[in-house]
Amino acid sequence: MRKKSIFSKIFVLITLISLIAGMLILTVFIRERTRDLERALIRENKLLAETATIIIETTYLEHILPFRTLRKIAEAENITFLWIVKPNGEIYYADDPEMFGKIIDDPSLGTEEIVAKDSIDPKVGEKIKLIISPIKREIGKKPWSLYLGVSLKEITTAQRRIILNGLIFFVLVIIFVVFISFYFSRGVTQPLEQVRKGAEIIGKGNFEHRIKIKTGDELEELGESINRMANDLKRSREELEEYSKTLEIKVDARTMELKELTESLDAQVKEKTKELWERIKELERFRKLTIGRELKMIELKKEIKKLKKGEGNQKL
Amino acid sequence: MTKKVIIGLIVVVLIGVGIWIALKPKVEKPIEIGVPEVPGVEERMAGYGWSVNGDESQAVEEAVSMMKAKLEKSPDFAFLFSSIGYGEEKLLQEINELLPGTKIYGGTSCLGPMTADGFHVGEKASLAIMGISSEKIAWGVGGADLDKLSPREAGKEAVLGAIESAGKEKTEKPNIVFITAAPGMEETILKGIEDIVGKEVPIFGGSSGDNEIIGEWRQFVNDKVYSNGLALAVAYTDLKVSYFYEAGYPVTEQKGTVTKAEGRIIYEIDGRPAAEVYNEWTGDIFAQQLAEPGKVWGILAEATFYPIAKVLRAPGVEPFYLAVHPLDIRPDHSLGVFADMADGDEIVLLHGDWEILLNRFRTTPMKTLETFKLKKGEGLFALYTYCAGTMLAIPEEERPKMSLLVKEVIGDVPFIGNFTFGEQGYVPGVGNHHGNLVNSIVIFSPK
């Protein structure tokens, strides 16, 4: 099985952690920013609803409805609908004529305080903020309610923009983190690789090789230790070689001695052999000269053999 | 290795789910919307129907079917208002075929008619009809041709014909008279009617209108169509008849006296050219017209928000401000208007905006209910007359609210309305008058 490098492990880990951390930060940021926008939207539209309520209450005394104001409010970009609702839930006025006279069922109906809550636009089904402001038309009676549907499209658009910008930023950060983690990982793994390679070279017998790491940490110490080890190994090897050389000289000298001895013996044998051969030759001449004197000769031969045997033992 | 990958994937998925939950919008309970209960139709003596179909036969079929569905039996009488654009003779022929024996009264309305269902404007034409079926009301209709008779004589002939049509004697005064005349001579027509019924019988109605003030208006009486005539209806009844007639504009401090006038032209106010005085009163908005003499300047649209009002005084009653619509500025700086003026008329400047005009659809019915001590929903049926000029001053997108506002005040009462070029109405103590930029409502209810 292929082993995974420390570099890739560190690199993937840092990248993954950065990715997760970035996603979480981005989420929190988007959520907080969305809440801020929602709060601003509610604040703004509460103010609008309160102003409209005051105008409605004031003009009610003159028996008129402030259509121009209501129209202006209803035309506002964020406003999805505007209703004036009686305490019994009947829509008294609506920007959309179709809603006139309809009955609504809502727990906030007749509220004494201005209310802002999440809701769904009953017509288009989109999520909205609902602002409900009490209209106090007659003292001592249950208030009417001004319902303002506030679109969240602006917030959604802003949220999308934030997400897009956030993602762009996030991607840039991730790219940066990848580079950083790459260099960081390399900073850790490169000296290790040097150590590995150095150890391999030294292991192959190159005790002259030196690991050069200047990280100022444990890795540098490890390199130095290996270098020291290589030094020790080199010295041991030199000593061994020197001993080996001495031993060889001794062996050579002894071999020489033996050789000389052998040569001396050989010379003696050769001399003796030569002497023998001369004697043999003399004997031959003698044999030739002394025919019939074979017995004597046999004896002489036996004597020669005896002599040869005696010489052989001497050699040994 | 595989194990680590799986764990990594699980972590990423969990974080993704967390993010999704964090950013996911909360689902809220929507507001529940219901429709109010409508009383059963069996109790109704009046029913209405309408159509925006441009074909006469189909439009009549649609509207009459709708109306009949709300009535127990065929109506004795029907108000009929349509826009221009139909062949009116064919229209009435179709109606008379579907409603034999029903007395028809009505005329054309600017852009279209109005009912409790809304303001009905068709691509080509539109109509609305409201039929009344009740033994408690005796209806009569009459008509007269203004091309053949003087306005005063036409008024007399029409009302006499209507009284006869109701099966009543000339001496029997109706409880109310409705008129739809061609614009131009309404005051004299009113006098003719009063010659027969007296000054105390309320006369309500409006001058028939077209879309561009080009004389395409029509008046309907049974199967008869007038282009320059008078349609009239009388009602004899024991039912309570409530009404209100007003312009509803706030009165300004600008006032004067007409020192020279003839018919529908005011030459001088306080001894000065009328148009110059009017321009001063309005804050110089007609300076351009006055600076270029030698031609007649139409000022209908601008003057809608600055009517002149005749101050009508009577003992024991508050002054009544009868609005008059300035029509044009003439080369001699006189002021053409849509109602008769006379030397010595006390006048004031009124001023309003479309908000005031739209509010009238609430305030005038409210005043009717208050004055006649009626409660919401007590009416049996109603007739609404509204000045076309003031309707046109209301932004188009706001016009669908007109009938809804009326309905909001009077309740679930069938009503029909038309948009007219001059309105006639009765003010207790002051009498019957013809005015402009006015609106009125007449409500029939049990006593």
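Residues numbered from 1 in each chain as written. Chains lettered and ligands numbered in written order. Predicted model: local features only at pLDDT ≥ 70, side-chain atom pairs only at ≥ 80, totals over all residues.

Draft legend 1. Region of the structure containing the overall build of chain A. Broken down by element type, chain A carries five helices and six strands. For chain A, whose C-alpha radius of gyration is 58 Å, the value lies well above the compact-globule estimate of 20 Å for 316 residues. Referenced to the eigenvectors of the C-alpha coordinate spread, the extents of chain A come out at roughly 185 × 40 × 30 Å. The proportion of buried residues among the 316 residues of chain A is 20%. Of the contacts formed within chain A by residues at least 6 apart in sequence, a portion of 56% connects residues at least 24 apart. (Helix = DSSP H or I, 4+ residues; strand = E, 2+ residues; numbered from the N terminus. Rg over C-alpha atoms; globule rule 2.2 N^0.38 Å. Buried ≥ 20, exposed ≤ 12 C-beta atoms within 10 Å, placed from the backbone. Contact = placed C-beta atoms within 7 Å.)

Draft legend 2. Broad picture of the nonpolar core. The biggest cluster of nonpolar side chains holds 178 residues, and the ones touching the most others in it are Ile129(B), Val159(B) and Leu232(B). Dropping the residues within four chain positions of it, Ile129(B) is found in contact with Tyr48(B), Gly49(B), Ala63(B), Val64(B), Met67(B), Ala78(B), Phe79(B) and Leu80(B). Ile202(A), Ile211(A), Ile213(A) and Ile226(A) belong to the second-largest nonpolar core, a separate cluster that totals five residues. (Core = buried A, V, L, I, M, F, W, Y, C linked by C-beta atoms within 7 Å.)

Draft legend 3. Geometry of the sheet that holds strand 2 (residues 91–94) of chain A. All names here are of chain A. Taken in spatial order, the five strands line up as 2-1-6-5-4 in an open sheet, and their pairing is antiparallel. Of all the strands in the sheet, the pair left with one neighbour each is strand 2 and strand 4 (115–120). Here the average twist between neighbouring strands, direction ignored, is 25 degrees. Two elements, strand 5 (residues 127–135) and strand 6 (residues 144–151), share eight bridges in a ladder whose sense is antiparallel. Looking at the pairing, isoleucine 135 lines up with tryptophan 144 of strand 6. Sheet strands touched by helix 1 (residues 6–60): strand 1 (79–85), strand 4, strand 5 and strand 6. Its angle to strand 5, the strand with the most contacts, is close to 35 degrees. (Pairing = 2+ DSSP bridges. Axes fitted to C-alpha atoms, helices over the stretch in contact; angles between N-to-C directions.)

Draft legend 4. Quick look at helix 11 (residues 401–410) of chain B. Residues and elements named next belong to chain B. For helix 11, the buried fraction is high: nine of the 10 residues fall into the buried class. Turning to helix 11, its buried residues are Lys401, Met402, Ser403, Leu404, Leu405, Val406, Lys407, Glu408 and Ile410. One or two positions beyond helix 11, positive phi appears at glycine 411, with a value near 85 degrees.

Draft legend 5. Broad picture of unusual backbone geometry. Residue and element names in this part refer to chain B. A positive phi angle, near 55 degrees, is found at isoleucine 213, a position not held by glycine. With respect to the helices and strands, isoleucine 213 occurs in the loop between strand 10 (203–206) and strand 11 (219–221). Unusually for a residue other than glycine, histidine 333 sits at a positive phi of about 65 degrees. Locating histidine 333 in the fold gives a position in the loop between strand 21 (326–329) and strand 22 (335–337). On the neighbour-count criterion, histidine 333 (19 C-beta atoms within 10 Å) is partly exposed.

Draft legend 6. Expanded view of the packing of helix 1 of chain A against helix 3 (residues 153–203) of chain A. Residues and elements named next belong to chain A. At their nearest, the axes of helix 1 and helix 3 sit 8 Å apart, and the two run at 160 degrees to each other. Between helix 1 and helix 3, the angle is such that the two are roughly antiparallel. Like other packed secondary-structure pairs, helix 1 and helix 3 cross with a definite hand, here right-handed. Its residues assigned to classes, the contact of helix 1 with helix 3 shows 24 nonpolar, nine polar and four charged. (Parallel < 35°, antiparallel > 145°, perpendicular 65-115°, else oblique. Left-handed = near helix turned anticlockwise from the far one by under 90°. Nonpolar A, V, L, I, M, F, W, Y, C, P; charged D, E, K, R; others polar.)

Draft legend 7. Local environment of the domain arrangement of chain B. Residue and element names in this part refer to chain B. Entries for chain B in the domain assignment read domain 1 (42–246 + 355–445) and domain 2 (255–351). Each of domain 1 and domain 2 has a C-alpha centre, and the two are 29 Å apart. The interface of domain 1 with domain 2 comprises 14 residues on the first partner and 16 residues on the second. Among the elements of the structure, helix 10 (388–393) and strand 27 (431–435) are those that each provide at least two residues to the side of domain 1 that touches domain 2. Grouping the constituent residues of the side of domain 1 that touches domain 2 by class yields five nonpolar, eight polar and one charged. (Domains from an automatic or database assignment.)

Draft legend 8. Main features of helix 6 (residues 274–281) of chain B. Along helix 6 of chain B, six of the eight residues are buried, which leaves the element largely enclosed by surrounding structure. Within two residues after helix 6 of chain B, Gly283(B) carries a phi angle of roughly 85 degrees, on the positive side.

Draft legend 9. Looking closely at the interface of chain A and chain B. In this complex, chain A contributes 29 residues to the contact, which on the side of chain B involves 26 residues. Those elements giving two or more residues to the side of chain A that touches chain B turn out to be helix 1, helix 2 (67–75), strand 3 (103–105) and strand 4 of chain A. Residues that form the side of chain A that touches chain B fall into these classes: 16 nonpolar, four polar and nine charged. As paired strands, strand 3 of chain A and strand 1 (residues 32–34) of chain B are joined by three bridges and run antiparallel to one another. Residue pairing in the sheet places Ile103(A) in a bridge with Gly34(B) of strand 1 of chain B.

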